[in-house]
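Below are the chains, spelled out letter by letter.
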Amino acid sequence: MVLKNIARAVKNIYKPPITRRYPEVPTELPDRFRGLQKLDKSKCIGCGICANTCPNSAIKIVRARVSPDSEKTRWFPAIDIGHCLFCGLCIDQCPQDALSSTKVYTTGVIRWTHEELLYTPDMLAREVPVGENGE
Ligand code: SF4
Ligand code: SF4
């Protein structure tokens, strides 16, 4: 076994490395990668289909401002990223295409407390930086 491993190492000595240098070199992700969701508030009608679809009950419909410069509020989804499976069903079922997947999977997702993973509509719409509750 040892000799076999040495032989393999010698054989591959002039071949390019197959190891990845993440995070120095970000991994290239496929277009259909399901990372952190993004909400388009202008499309969302607050119907709650995404919440009813979620297999892990990670979505709640809550009231939030329609835009950062308005005091008017409407119903939007808030996602508990700590319970999200990133299955994409909420995105598939949204009748308005208001939710989409992004390629973000570390920023704002790797957090120490559960509270930090409760994504308000403002966070999902990126009206406040991800990882902050904006309150
Ligand atoms: S994101 Fe889509 S499914 Fe969810 S409440 Fe808004 S419109 Fe309805
Ligand atoms: S991706 Fe799946 S688990 Fe996550 S919120 Fe949407 S439906 Fe729920």
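Residues numbered from 1 in each chain as written. Chains lettered and ligands numbered in written order. Predicted model: local features only at pLDDT ≥ 70, side-chain atom pairs only at ≥ 80, totals over all residues. Heavy atoms only, no water.

- As recorded by an unreviewed UniProt entry, the protein carries the name Dehydrogenase and is attributed to Methanococcoides methylutens.

## Considerations on the site of ligand 2
Argument step 1. Around ligand 2, the neighbouring residues are Q37, C54, P55, I59, I79, C84, L85, F86, C87, G88, L89 and C90.
Argument step 2. Looking at the shell around ligand 2 residue by residue, the class counts come to 10 nonpolar, two polar and no charged. (Near = heavy atom within 4 Å. Nonpolar A, V, L, I, M, F, W, Y, C, P; charged D, E, K, R; others polar.)

## Some details on the packing of aromatic side chains
Argument step 1. According to the stated counting rule, one finds two aromatic pairs in the structure shown.
Argument step 2. An angle of 25° between the planes, with centres 6.4 Å apart, marks the rings of Y22 and Y105 as stacked. Residue Y22 is located in the loop between helix 1 (2-11) and strand 1 (37-39), and its partner Y105 is located in the loop between strand 4 (99-101) and strand 5 (118-119); the two are separated by 83 residues in the primary sequence.
Argument step 3. Judged by its relative accessible area of 37%, Y22 is partly exposed.
Argument step 4. For Y105, a relative accessible area of 33% corresponds to the partly exposed category.
Argument step 5. Taken together, the ring pairs in this structure connect Y22, F33 and Y105 into an aromatic cluster.
Argument step 6. The ring of F76 has K41 sitting right over it, with the charged end atom 5.3 Å from the ring centre. (Phe/Tyr/Trp six-rings, centres within 6.5 Å; stacked < 30°, edge-to-face > 60°. Helix = DSSP H or I, 4+ residues; strand = E, 2+ residues; numbered from the N terminus. Buried < 20%, exposed > 50% of the residue type's maximum accessible area, 1.4 Å probe, protein only. Lys NZ or Arg CZ within 6 Å of the ring centre and 35° of its normal.)

## Let's talk about the site of ligand 1
Argument step 1. C44, C47, G48, C50 and C94 are the nearest of the 13 residues found near ligand 1.
Argument step 2. Each residue belonging to the shell around ligand 1 can be placed in one class, and the counts come to 10 nonpolar, three polar and no charged.

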